[in-house]
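Single-letter residue listing:
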Amino acid sequence: DGAAEPAAQIRHVFAVNTGGVVNVVAPAVECMLPRGAGRIAMLGSLAGLRGLPSCPSYSASKAAVHVWGQALRGWLAPKGISVTVICPGYVKSPMSDRVVGTKPFMIPADKAARMMLDGIAKGRATVVFPRLLALGIRLLAFLPEPLALFSLRFFRLTVRPGGF
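Fair warning: this is a prediction, and the values are worked out from it, not measured in the lab.

**Q** Whenever I open this one, the overall build of the protein chain confuses me. Can you help?
**A** Helix and strand content of the protein chain: six helices and seven strands. Helices and strands in the protein chain line up, N terminus first, as α-β-α-β-β-α-β-β-α-β-α-α-β. Counting across all 164 residues of the protein chain, residues that qualify as buried make up 34%. Contacts in the protein chain between residues far apart in sequence, at least 24 positions, make up 69% of those at least 6 positions apart. Accessible surface, the protein chain as shown: approximately 9,500 Å² in total, 67% of it carbon and sulfur.

**Q** How do you make sense of the side chain of Ser 59 when you look at a structure like this?
**A** Relative to the assigned elements, Ser 59 resides in helix 2 (residues 56-76). A distance of 3.0 Å separates a polar atom in the side chain of Ser 59 from the backbone nitrogen of Leu 52. With residues up to four places along the chain from it excluded, the contact list for Ser 59 reads Ala 47, Gly 48, Arg 50, Gly 51 and Leu 52.

**Q** What am I meant to see in the sheet that holds strand 6 (residues 126-129) here?
**A** The strands making up a sheet associate through backbone hydrogen bonding, with each pair oriented either parallel or antiparallel. Across the sheet, which stays open at both edges, the three strands sit in the order 1-2-6 with parallel pairing between neighbours. At either end of the open sheet lies a strand with only one pairing partner, and these are strand 1 (38-43) and strand 6. Each neighbouring strand pair of the sheet contributes to a mean axis angle of 15 degrees, computed without reference to strand direction. Pairing of strand 2 (residues 81-88) with strand 6 involves four bridges; the strand directions are parallel. Across the sheet, Ile 86 pairs through a bridge with Val 127, a residue of strand 6. Sitting on the sheet, helix 2 touches strand 1, strand 2 and strand 6, and the angle it makes with strand 2 is about 160 degrees. Where helix 4 (residues 109-121) meets the sheet, its contacts fall on strand 1, strand 2 and strand 6, and the angle it forms with strand 6 comes to roughly 155 degrees.

**Q** Sorry if this is basic, but what is going on with unusual backbone geometry here?
**A** Negative phi characterises most residues that are not glycine, and trans characterises most peptide bonds. A cis geometry characterises the amide bond from Phe 129 onward to Pro 130, with omega recorded as -5 degrees. The topology assignment puts Pro 130 in the loop between strand 6 and helix 5 (131-139).

**Q** Help me out: how do you make sense of the pattern of salt bridges in this one?
**A** Think of it this way: side chains of opposite charge can pair up when their charged atoms draw near. Under the criterion given, the structure shown has four salt bridges. For the salt bridge of Arg 114 with Asp 110, the shortest nitrogen-to-oxygen distance reads 3.6 Å. On the criterion of helical spacing, the pair formed by Arg 114 and Asp 110 is a turn pair, its members being four residues apart in helix 4. Its relative accessible area of 52% is what places Arg 114 among the exposed residues. Take Asp 110: its relative accessible area is 49%, and that puts it in the partly exposed class. Among the salt bridges present, the one from Asp 118 reaches Arg 124, with a minimum N-O distance of 3.8 Å. The exposure class of Arg 124 is partly exposed, given its relative accessible area of 34%. Residues joined in a network through salt bridges with shared partners are Asp 118, Lys 122 and Arg 124.

Rules used in this analysis
- Residues numbered from 1 in each chain as written.
- Predicted model: local features only at pLDDT ≥ 70, side-chain atom pairs only at ≥ 80, totals over all residues.
- Heavy atoms only, no water.
- Helix = DSSP H or I, 4+ residues; strand = E, 2+ residues; numbered from the N terminus.
- Buried < 20%, exposed > 50% of the residue type's maximum accessible area, 1.4 Å probe, protein only.
- Contact = heavy atoms within 4.5 Å.
- Areas by Shrake-Rupley, 256 points an atom, 1.4 Å probe, with all protein chains shown as cover.
- Polar contact = N/O pair within 3.5 Å; in protein donor to acceptor, adjacent residues only side chain to side chain.
- Pairing = 2+ DSSP bridges.
- Axes fitted to C-alpha atoms, helices over the stretch in contact; angles between N-to-C directions.
- Salt bridge = Lys/Arg side-chain N within 4 Å of Asp/Glu carboxyl O.

Okay, structure coming up:
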C-alpha cells in the first residue's frame, strides 16, 4: 500500500525473529561447548535470501538469522557442534493463512517438518524449500536490480492482524 513500516513494528519483528533465535541459541551453545557435541537448528526464511519489498523488516531479520547461522557453523564445527539454518518458503499453517497475496509452491506442514528433520539429521548447513522457489530467489541476484524489483511485484503480500 506504499505505507512505511513503523519503527516500533520493525523493532518488534527483529526482537521476535532475530532476538528470539539469539535468546535460544546462545544459551544452547554455552551448554554444548563443554560437551564438545551438539546440533543446532535455526529458523530463517527464503525471504532472508533476498530482501522482499513487501516485508523489509521480516526479510532483514531472517537474513540476520541466516548469516549468524553461517558464521556460527564455521566457528562451532571444529568444536563438534553442527548448525543448520532452515529457510522455508510458504508452509500451510494458521500463520500462513493470515498472509494475503501470492504464496507460490506452498507445502503442507507435515512435509516441511520431514524436510527439516532430514536436513538437521544429515548435518546440512542449510535446508531450503521448496527448491523451485529457492532457485527463483537465488536467480534474482543475477538480474539487474530494476528487473529484480519488477519481478518481485508479482509476489506482494500483506499479513492480516491476529494471533497465531
